[in-house]
Amino acid sequence: MSITEVLFWFLTALALLSALMVVFSRNPVHSVLWLIAVFFAISGHYIILNAQFLAIVNLIVYAGAIMVLFLFVIMLMNLNAEAEPQKNRWLWWAGTIAGGSLMLVIIAALKDTETKTQMAFVKGGDIGLIQNLGMVLFKDYVLPFEISSVLFLSAMVGAVVIGKKD
Amino acid sequence: MTKLTYLIPLFPLIGFLVNGLGRRMVPKSVAGLIGSASVLASFILSVLVFMEVRVDGFTAQEVKLFSFIKTAGLDIPFAFQIDQLSSLFLLIITGVGFLIHVYSAAYMHEEEPQHYARYFAYLNLFVFSMLLLVLGANYVIMFIGWEGVGLCSYLLIGYWFKNGDYNDAAKKAFVMNRIGDLGFLLAVFWMIGQFGSTSFGVIFPKVDATAPAVLTGITLLLFVGATGKSAQIPLYTWLPDAMAGPTPVSALIHAATMVTAGIYMIARSNIMYTLAPITPTVVAVIGLATALFAATIAIQQNDIKKVLAYSTVSQLGLMFLGLGVGAYTGAVFHVMTHAFFKALLFLGAGSVIHAMHHEQDIRNMGGLKKHLPITHFTFLIGCIAIAGIPPFSGFFSKDEILMGAFAHSPVLYFIGTFSALLTAFYMFRLYAMTFLGQFRGTQEQQLHVHESPAAMTVPLIVLALLAIVAGFVGVPEVFIKDAHWLEKFLAPVFAASTAKQGEHVVSHSTEYALMGGTVLAILVVMVYALKKFGNYSKTAEPATGFARVLENKWYVDEIYDAVISRPLRGFSVFLNNVMERSVIDGVVNGTGKFIQYSSRQFRWLQSGQVGSYILIMVVATVVFFIIQIFGK
Amino acid sequence: MPINYYIFLAVALFSIGVIGVLTRRNAIIVFMCIELMLNAVNLLLVAFSKMHYANAVTFNPGTTTGAEAQLFVFFIMVVAAAEVSVGLAIIVMMYRNIHSVDINFLNRLKH
């Protein structure tokens, strides 16, 4: 097994484990921390796939900004190890089974496709480099790029309007 | 003339419509006039048709009016068949019908105008239906008439509809007719299946090539219809109860015409009955049994109309005996003579009832000879005719049937003769108790008893004349060679049957002996009855033993009630309580309740909980995936 | 690296996110699980982009075939960021009103 594969499996295990802990932690702060661990694992996967730009952006935006935002809100509400009274055990089981069956069904859907022989190009490939990405972005997709700035503007305005105390 | 045949049933139909729809506007005299005039017009036309038919060499003609039912495999035209048989029946129906219409105009004079008009409307409708029956060129048109006369019988028996018992009698007549009609219908369906048509002209030539079993089935089913309509065993019990209707109705429908529909039908289908192996025997046996059975009941009855009713059943049985032994001409001959003397007897009874102010029990009559001379004389003639005493008509027709029976089997002859003797006995008992001896009614009645008006007595006289002379159209060979005019007249209708039957010749000497012996026996019985009942005095003791059984009609009605009506009613109660309530209502109400229940459960889906909404979304996605992937 | 592995990983992460959304009652945790789902999708998209690149690079070494998918991931992140800001603002509002972040209290849709 090459280093890449070992790394791959390690990151996979880390991601899955952390995701499960996100869902099943009692303390919301712990959930946030586990989610950050998931993001790190996924960024690791991006690096293996040589999507360098995305790896960094993932860390900066997600783990850095979004999760911090979550933590702020949690701290704001003073949510500690909350006692979520599990009134509806049935709903819990239903949810778990539904999600599990979703996974199974999708896996079953894909098992016959010709993906078995396809390979993802790891450890190389220029397209993940910021230079190449930038070229494609500003040449072909500059309009969505500009519009996304408008999107941000509206999101900001919206957040402020909603959050105003008056 | 045959082209204008459609006018014959048309006139009574118009009379029915005018009297029926305008019954509140038409005054009594006009109603009676319209009713009688329409039948008279039909009679005149029937005479004209008859004139054309009696020409030698006349072949049956079919007059098609319009296409009634026409599909790919089946063609049933609305057509009339003019031949010797139908023209003879036309004369009988319209002739006797006209006389009875005139009689009714006086008999029913106590009724209110709209009911009076209703009476004549029904009577005209009846004549129309009966004419359709005998004129029809196929079994379907015959069946239309068949049903029509059944309907009119119901309407007229229940004419005085305010009386619950009369309505029951009407219903009984209709239901028993219906049972017979089922047999008729099944026969028609079988004929359509077998021959592809119901027209006489199509079926009768094909009968030769048909399997005997099929013919037996069809003829037996037709005979079932005849037992209902013509009151034979086992469907005869409606006829005595039908006496609840007005007496002219009893005369017309239940003596002279409707009940002879069965005879007409079998006479028309004679070729089928000749070729079917078992049916003629069945017909003869049932006819004979009915003749005997009804005669035994009649000797113990005390209602003047009931005696005549049972007499009708008995005489019809005799006619069926004639048909069963192949004496088709004899049976039709007896239809004709019976129409005359039975109508005469009924109308005479009506005259008596009218004079005695609606008294019908003969134990309360007597001595009316002085008070009602014309009625008495005509009634006596009717009695002599029905008893079969020569030279009146009953003798010739009855003798022809009995000779035909003898040619088949002497046993039939002797039983038939025995019932003829019973006939003589009860008829003269009736005559004696009504007209002879002391007057046994109340003082009130004695003051008011008087002879009936001319409108009633003239038809009596006409019918009496016919009862005397009608026999001479059918003088048998024993007396005068080649004088049986009726046989020659009807020969074309029965030609195919006669050819197949072969000659059953009874030697002349045997015939003389039998005839003489029978007449002698009848005379003896007549004298005995007159002696026994001539000076009848009311005895208060009720009938005992066998006489009681006879008086109660052998308890047949009670047997029918116990064996058929009660179980059926119990069954319907069961169906109502179990099937209707639990099953059918249960299903219907259950569906409603189920929908309510399920909608209540469905309501829980709209809980407002976002969590459950998302759950359902995920589940649905999973389901779609499954369908998409594994549904190919 | 066979693409299947990435597919299974992404599907597993996605369904864990679904379980979290359906199971948890804290609105913020639910939100975080949505982010988890988005990230699973992102991972898959990047893997597919490298798959297409792998197929194309044998013919044409200078190809940029898979770049679109990575740009798509970039935009998903953009949208996620905007969505988080607005969503958390809503949750804060909700907390201000009913002093709880339990989603079962949000049954106003019933009325």
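This one's a predicted model, so the numbers in the text were calculated from it and none came from an experiment. (Residues numbered from 1 in each chain as written. Chains lettered and ligands numbered in written order. Predicted model: local features only at pLDDT ≥ 70, side-chain atom pairs only at ≥ 80, totals over all residues. Heavy atoms only, no water.)

S.K.: How should I be thinking about the overall build of chain A in this particular structure?
M.R.: Looking only at helices and strands, one finds six helices and zero strands in chain A. Each of the 166 residues in chain A was classed as buried or not, and the buried ones make up 40%. Restricting the contact set of chain A to residue pairs at least 6 apart, pairs at least 24 apart contribute 64%. Here chain A displays about 9400 Å² of accessible surface, and carbon together with sulfur accounts for 73% of that area. (Helix = DSSP H or I, 4+ residues; strand = E, 2+ residues; numbered from the N terminus. Buried < 20%, exposed > 50% of the residue type's maximum accessible area, 1.4 Å probe, protein only. Contact = heavy atoms within 4.5 Å. Areas by Shrake-Rupley, 256 points an atom, 1.4 Å probe, with all protein chains shown as cover.)

S.K.: Looking at this model, I keep getting lost on the overall build of chain C. Mind explaining?
M.R.: Helix and strand counts for chain C come out as three helices and zero strands. Helices and strands in chain C line up, N terminus first, as α-α-α. Expressed as a percentage of contacts within chain C between residues at least 6 apart in sequence, the contacts between residues at least 24 apart total 61%. Total accessible area computed for chain C in this model is approximately 4100 Å², and 68% of it derives from carbon and sulfur atoms.

S.K.: Mind showing me how you'd approach the packing of helix α16 (residues 373-387) of chain B against helix α18 (residues 410-435) of chain B here?
M.R.: In a pair of packed helices, the angle between the axes and the distance between the axes together describe the arrangement. All names here are of chain B. Here α16 crosses α18 at 170°, and the two axes come no closer than 9 Å. In terms of orientation, α16 and α18 fall into the roughly antiparallel class. When α16 is examined against α18, the residues T375, H376, F379, L380, C383, I384, I386 and A387 are found in contact with a partner set consisting of T423, A424, M427, F428, L430, Y431 and F435. Across the contact of α16 with α18, the residue classes tally to 12 nonpolar, three polar and no charged. (Axes fitted to C-alpha atoms, helices over the stretch in contact; angles between N-to-C directions. Parallel < 35°, antiparallel > 145°, perpendicular 65-115°, else oblique. Nonpolar A, V, L, I, M, F, W, Y, C, P; charged D, E, K, R; others polar.)

S.K.: Got a minute to help me understand unusual backbone geometry in this structure?
M.R.: Negative phi characterises most residues that are not glycine, and trans characterises most peptide bonds. In this structure, P234 of chain B follows I233 of chain B across a cis peptide bond, with omega equal to 0°. In this structure, P234 of chain B sits in the loop between α8 (212-229) and α9 (238-241). If you check the backbone angles, N50 of chain A has positive phi at about 60° while not being a glycine. You will see that H357 of chain B, though not glycine, has its phi angle at about 55°, which is positive. Mapped onto the elements of the fold, H357 of chain B is located in the loop between α15 (328-355) and α16. Here H357 of chain B falls in the exposed class, since its relative accessible area comes to 51%.

S.K.: What am I meant to see in the side chain of S87 of chain B here?
M.R.: All names here are of chain B. Following the sequence through the fold, S87 ends up in helix α3 (residues 84-107). Here the side chain of S87 touches Q84 through a polar contact of 3.1 Å, landing on its backbone oxygen. Sequence-distant contacts of S87, that is, excluding residues within four places in its chain, are made with V49, F50, V53 and F489. (Polar contact = N/O pair within 3.5 Å; in protein donor to acceptor, adjacent residues only side chain to side chain.)

S.K.: How do you make sense of the packing of aromatic side chains when you look at a structure like this?
M.R.: Within a pair of aromatic rings, the relevant descriptors are the distance that separates the centres and the angle that separates the planes. Under the defined criterion, the tally for this structure stands at 43 aromatic pairs over all chains. On the numbers, 5.2 Å between centres and 80° between planes, the contact of F8 of chain A with W9 of chain A is edge-to-face. Judged by its relative accessible area of 1%, F8 of chain A falls in the buried class. The rings of Y116, Y119, F120, Y159, W160 and Y166 of chain B are connected pair by pair, giving a single aromatic cluster. It is K28 of chain B that lies over the ring of Y116 of chain B; its NZ or CZ is 5.7 Å from the centre. (Phe/Tyr/Trp six-rings, centres within 6.5 Å; stacked < 30°, edge-to-face > 60°. Lys NZ or Arg CZ within 6 Å of the ring centre and 35° of its normal.)

S.K.: For this particular structure, what's the right way to read helix α1 (residues 3-23) of chain C?
M.R.: Each full turn of the α-helix corresponds to 3.6 residues, which orients residues three or four apart in the same direction. End to end, α1 of chain C covers 30 Å across 21 residues, agreeing with the expected 30 Å (1.5 Å per residue, within 8%). In terms of burial, α1 of chain C is largely enclosed, as 18 of its 21 residues are buried. (Expected span 1.5 Å × (residues − 1).)

S.K.: It is not clear to me how the interface of chain A and chain C should be interpreted in this structure. Could you clarify?
M.R.: Where interface size is given, it is often the accessible area lost as the parts come together that is meant. Between chain A and chain C, the contact holds 83 residues from the first and 71 residues from the second. Interface of chain A and chain C: buried area, both sides summed, is about 7000 Å²; carbon and sulfur atoms make up 78% of it. A per-residue breakdown of the area chain A buries against chain C is headed by F70, M77 and I127 of chain A, which together make up 10% of the total. At the junction of chain A and chain C, the tally comes to zero salt bridges. At the junction of chain A with chain C, the criterion picks out six residue pairs in polar contact (both at pLDDT 80 or more). Of all the elements in the fold, those that place two or more residues in the side of chain A that touches chain C are α1 (3-24), α2 (28-48), α3 (52-77), α4 (89-110), α5 (130-140) and α6 (142-163) of chain A. Looking at the side of chain A that touches chain C residue by residue, the classes come out as 56 nonpolar, 18 polar and nine charged. (Buried area = accessible area lost by both parts, 1.4 Å probe. Salt bridge = Lys/Arg side-chain N within 4 Å of Asp/Glu carboxyl O.)

S.K.: Help me understand the pattern of salt bridges, please; the structure alone is not making it clear to me.
M.R.: All names here are of chain B. Counting across every chain of the model gives nine salt bridges over all chains. Its salt-bridge partner being K172, residue D557 comes within 2.9 Å of it at the nearest N-O pair. With D557 in helix α24 (residues 556-603) and K172 in helix α6 (residues 164-195), the pair connects residues that are 385 residues apart, well separated along the chain. The partner of R363 in a salt bridge is D361, with the nearest N and O atoms 3.0 Å apart. For R363, a relative accessible area of 29% puts it in the partly exposed group.

S.K.: Looking at this model, I keep getting lost on the nonpolar core. Mind explaining?
M.R.: A general feature of soluble globular proteins is that nonpolar side chains tend to end up buried together. Among the nonpolar cores identified, the biggest contains 193 residues, and Y139, L222 and M272 of chain B are the most heavily contacted of them. The element that contributes the greatest number of residues to this core is α15 of chain B, accounting for 18 residues. When residues of this core are assigned to domains, at least three fall in each of domain 1 (1-137) and domain 2 (138-551) of chain B. Excluding its chain neighbours within four sequence positions, the residues that come into contact with L222 of chain B are Y139, G183, F184, A187, M191, M265, S269, M272 and Y273 of chain B. By size, the runner-up hydrophobic cluster in this structure holds 85 residues, among which are I74 and L79 of chain A together with M32 and M77 of chain C. (Core = buried A, V, L, I, M, F, W, Y, C linked by side-chain atoms within 4.5 Å. Domains from an automatic or database assignment.)

S.K.: What should I look at first to understand the side chain of S148 of chain A in this one?
M.R.: Tracing the chain through its elements places S148 of chain A in helix α6. Excluding its chain neighbours within four sequence positions, the residues that come into contact with S148 of chain A are F75 and V78 of chain C.

S.K.: How should the pairing of strand β1 (residues 61-70) of chain B be read in this particular structure?
M.R.: Regular strands show a simple pattern: their side chains alternate between the two faces of the sheet. With eight bridges connecting them, β1 of chain B and strand β2 (residues 75-82) of chain B associate as antiparallel partners. Within the sheet, the bridge partner assigned to F66 of chain B lies in β2 of chain B and is F78 of chain B. (Pairing = 2+ DSSP bridges.)

S.K.: What exactly am I supposed to notice about the pairing of β2 of chain B here?
M.R.: Summarising burial for β2 of chain B: seven of the eight residues are buried, a large majority. Counting the residues between successive antiparallel strands, the hairpin from β1 of chain B to β2 of chain B contains four residues.

S.K.: I keep staring at the confidence of the model for chain C and nothing clicks. Help me out?
M.R.: Reading fine detail from the predicted coordinates is not recommended where pLDDT is low. For chain C, per-residue confidence averages 86 on the pLDDT scale, and residues scoring 70 or more make up 95% of the total. What the predictor reports for the complex is a pTM of 0.68 with an ipTM of 0.88. (pLDDT = per-residue confidence, 0-100.)

S.K.: How should helix α4 (residues 113-135) of chain B be read in this particular structure?
M.R.: Here α4 of chain B spans 33 Å end to end across 23 residues, near enough to the 33 Å set by a 1.5 Å rise per residue. Across the 23 residues of α4 of chain B, 21 count as buried, placing the element largely inside the fold.

S.K.: Sorry, what's going on with the environment of L85 of chain B here?
M.R.: All names here are of chain B. For L85, the location among the structural elements is in helix α3. For L85, a relative accessible area of 0% corresponds to the buried category. Between the C-alpha atoms of L85 and A267, which are 182 residues apart in sequence, the distance is 8.4 Å. In this view, L85 contacts Y264, A267, R268, V332, L490, V493 and F494; residues no more than four positions away in its chain are not counted.

S.K.: How do you make sense of the packing of helix α11 (residues 261-268) of chain B against helix α14 (residues 304-324) of chain B when you look at a structure like this?
M.R.: Residues and elements named next belong to chain B. Where α11 contacts α14, the axes come no closer than 10 Å and their chain directions differ by 5°. Comparing the axis directions of α11 and α14 gives the class roughly parallel. Together, G262, I263, I266 and A267 of α11 and L316, M319, F320 and L323 of α14 make up the contact between the two elements. Of the residues assigned to the contact of α11 with α14, the class counts are seven nonpolar, one polar and no charged.

S.K.: Can you help me understand the environment of L90 of chain B in this one?
M.R.: Residues and elements named next belong to chain B. Of note, L90 is situated in helix α3. Sequence separation between L90 and M130 is 40 residues; the distance between their C-alpha atoms is 9.0 Å. When residues no more than four places from it in sequence are discounted, the contact partners of L90 are I8, S46, G95, L131, V134 and L135.

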